[in-house]
Amino acid sequence: MGKLLGNRIYLEMPKKEESKIVVDENTKEALNKELLKKMSRLKVFAIGTSIVEPGLEVGVEVLVDPNALSKSLIIPKEGFDVLLVSIFDIVEIL
C-alpha cells in the first residue's frame with residue numbers, strides 16, 4: 001500500500017451482508033451511501049502524513065461526522081473498501 005498524504009484518513013468500511021440481488025453500479029453506490037448514514041463509529045485503517053494527533057492511530061475507533069460520511073469517497077483496496085475522510089471530520093477518538 002502506498003503512503004496516505006496530508007490531512008486525510010482511511011477508515012475501514014464495515015462488511016455488509018452480500019445480497020443475491022444483482023444491481024447496477026449506480027444503485028450499488030446509492031446503497032453504500034445509505035449504509036454510511038447509519039454508521040458513525042469506524043476503525044482507522046491509515047493516517048495521512050500531516051496528522052500528529054495524539055491517540056489517533058491505526059486500529060482505534062473514531063466517531064465521524066455523519067454528514068462527512070455521506071460525502072466521503074469509497075475507495076476499493078485489495079479485497080475490501082475504505083472510506084476517505086479528513087481529520088476535520090473526526091469528532092471523537094474512542
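Residues numbered from 1 in each chain as written. Predicted model: local features only at pLDDT ≥ 70, side-chain atom pairs only at ≥ 80, totals over all residues. Heavy atoms only, no water.

Participant: Talk me through the overall build of the protein; I want residue IDs and the actual numbers.
Facilitator: Each helix and strand counted, the protein has two helices and six strands in total. Order of helices (α) and strands (β) in the protein, N terminus to C terminus: β-α-β-β-α-β-β-β. Here the C-alpha radius of gyration of the protein, 14 Å, is about what a compact globule of 94 residues would show, namely 12 Å. Along the first, second and third principal axes, the C-alpha set of the protein runs to 45 × 25 × 20 Å. Here the protein holds 94 residues, and the buried ones make up 30% of them. Excluding contacts between residues fewer than 6 apart, the proportion of contacts in the protein whose partners are at least 24 apart in sequence is 71%. Carbon and sulfur atoms make up 52% of the accessible area of the protein, which amounts to about 6500 Å² in all. Between the centroid of the 13 positive side chains of the protein and the centroid of its 15 negative side chains there is a distance of 2 Å. (Helix = DSSP H or I, 4+ residues; strand = E, 2+ residues; numbered from the N terminus. Rg over C-alpha atoms; globule rule 2.2 N^0.38 Å. Buried < 20%, exposed > 50% of the residue type's maximum accessible area, 1.4 Å probe, protein only. Contact = heavy atoms within 4.5 Å. Areas by Shrake-Rupley, 256 points an atom, 1.4 Å probe, with all protein chains shown as cover. Lys, Arg positive; Asp, Glu negative; His and termini not counted. Charge placed at Lys NZ, Arg CZ, Asp CG, Glu CD.)

Participant: Please provide a residue-by-residue account of the side chain of Asp89, values included.
Facilitator: In this fold, Asp89 is placed in the loop between strand E5 (81-86) and strand E6 (90-93). With residues up to four places along the chain from it excluded, the contact list for Asp89 reads Leu63, Val64, Asp65 and Ala68.

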